[in-house]
Structures are given as C-alpha cells and as structure tokens.
Amino acid sequence: MNRALNRMLTFALIFITTIAASQKNKAITDGKSRLTGFELHKTMKTGSAYIDLDWQFIGPANVSGRVTDVAVVSPKGKSYTIYAATASGGVWKTENEGTTWIPIFDQEASTSIGDIAITSSDPDLIWVGTGEANIFRSSMSGSGVYKSLDGGNTWAHMGLANTSTIARIIIHPDDPDVVYVAASGREWTRNKARGIFKTTDGGLTWKKVLYINDLTGGIDIVMDPEDPNTLYAAMWQRIRDKWNDPRNKDTYSDSGIYKTTDSGNKWIPVNNGLPMPKYRGRIGIDIAQTNPNVLYAFVDNYEFSREFEAGELDSYGRPKGGVIKGATVYRTDDKGISWLQVSGKTAEMKAYMEKLSATYGWVFGQIRVDPTDENTIYVMGLGLNVSTDGGKTFKLLRGMHGDHHGLWIDPDNANYLVNANDGGLYVSYDKGINWRNFQNLIPVVQFFNIGYDMDIPFHVYGSIQDHGSRRGIVDLSRGRDKIPAVNFDGAPGGEGSSHAIDPTNPKIVYSAGFYGHLYRTDLSKGLRKGSKYILPRQFPDEPKLRGQWVAPFIISPHDPNTLYHGMQYVFRSVNRGDTWERISPDLSYNSPQKMGDIPYQTVFALSESPLKFGLIYAGTDDARLHVTKNGGKSWSEIVKGITPDRWISRVEASGHEMGTVYMCQNGKRNDDYAPYIWKSTDFGNTWEDISANIPLGPVNVIREDPIDKNILYVGTDIGVYVSKDQGESWSVLGDLPSTFVHDLIIHPRDNIIVLATHGRGMWAMDANLVNGGREDVRNR
C-alpha cells in the first residue's frame, strides 16, 4: 500500500512540475487558476520529504491581531460558542466563552477573512467570506466563500473565487439555502465579480443580483427582520492605486444605497438626503430590529469641512490637505425614502466626528443598532463609539485596543457586547464599561518583517500591524525541537519598521520607521532616551525623500559601522548614521503621474554581497533593479528578462559565489498570484526563472542557506518552500498552516530558521534538519 501511495505521489509531483513549468512567467489573476494552484500546493505538501519537520510557534504569546468580524451562537447560556474572523489568521473558535480557542480555518487558499455568518436555524451551518474588505495596507485577497456543516470541522469551497473581498454575508432566516453576499471586488484592479450575489441552492450556483460596474462593489447588506424579501445594500466605488489610498476620485458617482422588496430581483437607489454621489465614500448600514422603518447609514463623507491648520499632520506624520467631514451618520424613519443627517450638528460633535476615523475612513464603516433600542447605536472607527440619542451625540467606550471592525450585540441582553478590533477580540458584560480580552489566546499577529541579533540567546525583532515593534528571545535551552512561545517586549521602531542590529553589540538597534524614518537606539539607555533620529537630511531645494511603509535598511556585512538605507535613493553612512552620503541617483521611474499621498517609486529591496564590499543590489516597488560594483560610483540597470510592473520584493546577494544573486517579485498590487523567482550568475546581466514547480505566489522573500550554497528558501502567501538544487525544483517545507510568510531568516550562528508571518506570528525550525548544520552546531 505504501508503494502504491508513493507511486501516486510521484506521478502527482511530476504532474505538478509539468503544469508549473508550462505556466512560467504567466500572471495568475483569475480565481479558478489560483484555486488550482493551491490544490497543487496541497499535493506537494502531502508528498514532501519535509512534511514531518516541525514548525514551532515562538510568539508573541502576549499579542493578538486584527479581528475583522465576530459571530456568536445564541441564546447565551445554552451555548458559549464564539467565532472570531481575523484579517489574515483564519477563523478561531471557542466553545467555553473564550477560555480556550482553536483555529478552524487555516488550511485554505486564503486565510484572510472578510465576514462570517451563522445560520439562525442551525448553529453548525457556517459561512465564511474570504478577503478582508477594509483594504488597508496589510489586507490580503480572498479566494471566495466557504461553508461548513459541522461547526467548522470541515469546509467546502462554494464559489465566488474572483470576488477577492467579501464584506457581508446574510442568510435567510427561514431557508438556509438562500444566502446573499456583498462582494466589494479586487483591491488593485477592475473586475466584474463585485456587487451583490445570491444563491438559492446553498451555494451550488450564484446569481449576481445587483451590479453597477467593475469599480463598484457591495460593502454592506442588511435584511428587514419582518420581511426577508426586503434588503438594503450599500455599494462602494473604489480602487486602490499603488501611490494613493482608496479615496474618492473626482469622477466617482456610483457609491450609494439600494433597496429591493422582491428578494433581489429589482433594486432601486434610496439616497435622498445623503451627500451628493461624488462625496459618498464607504457606507455602512444597519436596521433597527425593534422598528424596521428605521435604518442608519454611516458614511465616509467627502464634503469639505475646513482648511487644515498650519503644521497639522495626519496619523503618519504627513501634511494634511483640506479636512473632509469624514464619519457622518444619517437616519431614515421611512425605510429609506429619505435620510437625515443626525451626527455632527454641534461644533463639539462636528469636531468629534471629523476625528472618529482619522484620515482613513475607508478602513472602517461599521455601524450597529442596539437590537432592543432603535436610538442606541454604535459606530466603529479608531474607537468604539456609542450614541443613546439616535446619533446626535456620541461618547467613546474605553478599555480596548484601537481600530474597530466588528460588533455583536446579544439580542436577548444588550449589555453583552463582543467587539472585534486590531488588538483582537473583546467581551463586555456591562454595555462597554468594562472589557475582557483574549490577546494571549488568539495569536494572529501580523508581522511585516524580521530581524535578529547575535546576543545569547538571540532575539528576533519585527514590526506588527498596529502594535509597533517587538522583540522576543529564541530560547534553545530545552532543545532545538522544544522552542517555547514567549512574550515579546517593546522594541525600537513603529508598526512599519525594518530592523538591523549591530552584530558586535546587541544593544545597538537601527529601526527604519514607517515611510523610511530612521532611528538608532542604544537599549542600555532605554527605548526613549537611547533613541536618536538619523534620517539623512535634504536641502530645502532638493526633492522630498520618499520611503516605503517598511523601508529597507541594512548593516554592511563587512563593517558594522557602515549602513545602507533605501528611499528613492540609496544612502550610505560609515559612522553608524551620524552622517550620510547619497550614493545613487533616483533608482525609480520617478513618474509625476504616479505621485500621490502614499510614497511610491522607492527602493524596497537592498543587499550587499557578503563577498565583496560595495557590490550592492537595489530593487524598487515600481519594478526597477540596479547593481553597483563600486560602492555607488556607478549603477547599471539589470531588468532584462524579468517581469515588468511587478514589485521587487527581495534581492539576495549570494554568500557563496560572487556573481550569483537571487531575486523575487510580488504581484499582489496587480492582483496577480503567480510566483516570480529569479537567479543570475553574472551580476544580474541575465536572469533565469527558478520558480520551477512552485504553483502559486505571491512571493515575499527568498533566502540563500548560509551553509549549503545549493539550498534556497522561499516564503509566499501560502507557506514556505525549500530547494536543494538552487531552484531547479522545490518542496514544501514542514506542516505550516496556510499563512502569509512575509519574511524569514536563518540565524548565522545558531542555524535556526525563523519565519515572520502576517497573521500567525513567528515560527522556528531547526535548520540542521535541512542543511545538516555546521559541525559546531549539530549537537546543540
């Protein structure tokens, strides 16, 4: 039987290699091909020689992550089951009111969750919509809708694979085969798989019942509690540019609210009293259960409010433009015939609402009506806000993390609230006065990157979405196969920071904060007192520096005092950042048409050869790649043969052979899931595609093994691959959950692989099991 199984797996892997080879360099932009690629990945995983190698979760044990939605089985008292849908860590379940949690959705093509819904007549019948609809910088694309008939033990894919983001799922209260889905569509490109979809056969087939155009998708939908044939849908026109947040454009006119009274066959716009179409951004809606004549709309309102004050900055230190009204609440008492603005009527409340969602209202947009009181409403922005007078005044509910995305109110006891935010899941038993959280029980931390030091034991560093930067010890004292999960402490840097630590002094930490702001911190003096701002200075007449959210920063492998920093230029310091010289021209295309409110056309990948000082590679987010062999005196572009218009996500100069360099590209921002992986043996003059049998991307990182020149590691949006023949073939490495692997390192002294995932924290593996180890670490 084992022989037969091995033959089957061998034939399957041959098939995978053949299919993958035939699709080299082809974009994967449709959902069907993506799902096919994921099935091939699963087959590779099952047949991998490394399937039994353990990935060990190492933390943080004291931090959670963004929860996008929550579903609770009611009535409370008879059940204590809660489901937490997370931005990029799948779905988690508790059956004991949060005492323990388990992941129940972490083996699918996407573990980014937009919404979760429980069937009222059968609590074991659950729907999950993948693809976070908030489209923040760390949001990930979905792969459609899934259904479970057994409380999340098993899942079936039920279609809508091209929708990319799912904002809401509504299940008919009397017929569970009837389901409505609000799909907001791709984040970066136009597509027609957006709008309101309906199934009447439990997901076997779908009909698009409300469609505006390929830029306008469904962002919310509610059902009349007394008439399930009546529904209201909020439609949002948006796309995200690589250089702009997804704000309204001058030509937009299609965002608004629609109503059907015949189960979706016909829809009419119901926008009388709302802002003019060009001012309507994202809209959240909810209906009063006690009086379905009453609905509320939470509008990201682009109507001009006031000029910005001198020196006023946004949440990320950028100068503000004119201030819009932003978060605005409207109410209808006649089922949508007319709407009336109820919020921001006084100067105090106007100022309050302007700040409620800061400068990124498209991230929020959730509103809930108390199921027992039509005048008590909750709106979610930076905080959770409550009004008891129908939206005229609000107050902030304190005691939680910020950035709020979901709320469940017990229909039988409105004092019981379950809140979803960027810090995890919170429960209140007294209507928001006090809160209980589960940050140490739902470990869905979203790391952007990883750094390490040479301390004993060594620390790993990383920046976390909305949690700043943290560091934790990799504790090998119990054995290399028994690395424990540990609490992570605060570290220099913010929520978007790259880290480099002086290899000769682990107390000296460099952190490139969001958009390239640069600090050197002496930990012996404390995080604040020991921190010095060392970003290179520009003359007033020089172009303003542009840096990516996580700008690249490296220490030269030849001299710990020599530093390199990537903005649109490459900078070098030979004295630990006290002074800098610019050693490159603008290495991006520097197109004025691609300048916006998000820094773009910047260096994103930097690598200096460990074998030759001054041999440096620099890749940009707009798909340019350069090399200098003389420390920046001259640069050559080396893009011949690579895929155009695909973000250079990593470049890795070989530590074994002088002219060898590895590079990967990421198609996420083109809604492209193909794997782009390259190797050059002539300093980048020519490139060889080494994606081989990897069936699916996007690819975030490539690393060369420090011991064996033939071994390479790749991190993608579904896992980790290893090659032992320099990329001629690849195998899935270990039994990791399906997760977004954003970065990985192999510690040069201790030979431990550590992954930074965007949704499941950090994981470690003994690299001795892969590369055999150096003689001095084999027996550690």
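Up top is the structure these notes are about.
A short tour of the structure in this document, coming up. Note that this is a predicted model, so its numbers are computed, not measured.

### Quick look at the sheet that holds strand β35 (residues 508–512)
Part 1 of the argument: Taken together, four strands build an open sheet; the order of strands is β34-β35-β36-β37 and the sheet is antiparallel. Where the open sheet ends on each side, the last strands, each with one partner, are β34 (498–501) and β37 (531–533). For this sheet the average axis-to-axis angle between neighbouring strands, irrespective of direction, equals 20°.
Part 2 of the argument: Relative to β37, strand β36 (residues 518–522) runs antiparallel, the two being bridged by three bridges. Residue pairing across strands places tyrosine 519 opposite tyrosine 533, the latter belonging to β37.

### A few points about the sheet that holds strand β49 (residues 688–689)
Part 1 of the argument: Pairing is antiparallel in the open sheet, where four strands are placed in the order β46-β47-β48-β49. Looking at the sheet topology across the chains shown, the edges are occupied by β46 (647–653) and β49.
Part 2 of the argument: Direction of pairing for strand β47 (residues 661–666) relative to strand β48 (residues 676–680): antiparallel, over a ladder of five bridges. Bridged to valine 661 within β48 is serine 680.

### Details of the packing of aromatic side chains
By convention here, two paired aromatic rings are described through the distance between centres and the angle between planes.
Part 1 of the argument: Using the criterion set out here, one finds 20 aromatic pairs in the structure.
Part 2 of the argument: Relative to tyrosine 146, the ring of phenylalanine 105 lies with its centre 5.1 Å away and its plane at 85°, an arrangement referred to as edge-to-face. Linking phenylalanine 105 in strand β5 (residues 102–105) with tyrosine 146 in strand β8 (residues 145–148), this pair joins segments that are 41 residues apart in sequence. Of the two residues examined, phenylalanine 105 and tyrosine 146, each falls in the buried class.
Part 3 of the argument: Its guanidinium or amino end placed over the ring of phenylalanine 683, lysine 629 lies 4.2 Å from that ring's centre, counting from NZ or CZ.
Part 4 of the argument: The ring of tryptophan 647 carries arginine 669 above its face, with NZ or CZ at 3.6 Å from the centroid.

### Re helix α2 (residues 31–47)
An α-helix turns once every 3.6 residues. As a result, residues three or four positions apart point the same way.
Part 1 of the argument: Along its 17 residues, α2 runs 25 Å from first to last C-alpha, staying within 8% of the 24 Å computed at 1.5 Å per residue.
Part 2 of the argument: Within α2 the residues assigned to the buried category are Gly31, Arg34, Gly37, Phe38, Leu40, His41, Met44 and Lys45.

### Some remarks on the pattern of salt bridges
Part 1 of the argument: All chains considered together, the criterion is met by 35 salt bridges.
Part 2 of the argument: In this structure, the salt-bridge partner of aspartate 333 is arginine 331, at a minimum N-O distance of 2.9 Å.
Part 3 of the argument: Judged by its relative accessible area of 11%, arginine 331 is buried.
Part 4 of the argument: The closest approach of N and O atoms between aspartate 672 and arginine 646, which form a salt bridge, is 2.9 Å. With aspartate 672 in the loop between β47 and β48 and arginine 646 in the loop between β45 (636–637) and β46, the pair connects residues that are 26 residues apart, well separated along the chain.

### Some points on the pairing of strand β11 (residues 179–183)
Part 1 of the argument: Across the five residues of β11, five count as buried, placing the element largely inside the fold.
Part 2 of the argument: Of the two faces of β11, the one carrying Val179, Val181 and Ala183 and the one carrying Tyr180 and Ala182 are both buried.
Part 3 of the argument: As paired strands, strand β10 (residues 166–171) and β11 are joined by five bridges and run antiparallel to one another. Looking at β11, one finds that isoleucine 169 is bridged to valine 181.
Part 4 of the argument: Relative to strand β12 (residues 195–199), β11 runs antiparallel, the two sharing five bridges. When the bridges of β12 are listed, valine 181 appears paired with phenylalanine 197.

The rules behind each value
Residues numbered from 1 in each chain as written. Predicted model: local features only at pLDDT ≥ 70, side-chain atom pairs only at ≥ 80, totals over all residues. Heavy atoms only, no water. Pairing = 2+ DSSP bridges. Helix = DSSP H or I, 4+ residues; strand = E, 2+ residues; numbered from the N terminus. Axes fitted to C-alpha atoms, helices over the stretch in contact; angles between N-to-C directions. Phe/Tyr/Trp six-rings, centres within 6.5 Å; stacked < 30°, edge-to-face > 60°. Buried < 20%, exposed > 50% of the residue type's maximum accessible area, 1.4 Å probe, protein only. Lys NZ or Arg CZ within 6 Å of the ring centre and 35° of its normal. Expected span 1.5 Å × (residues − 1). Salt bridge = Lys/Arg side-chain N within 4 Å of Asp/Glu carboxyl O.

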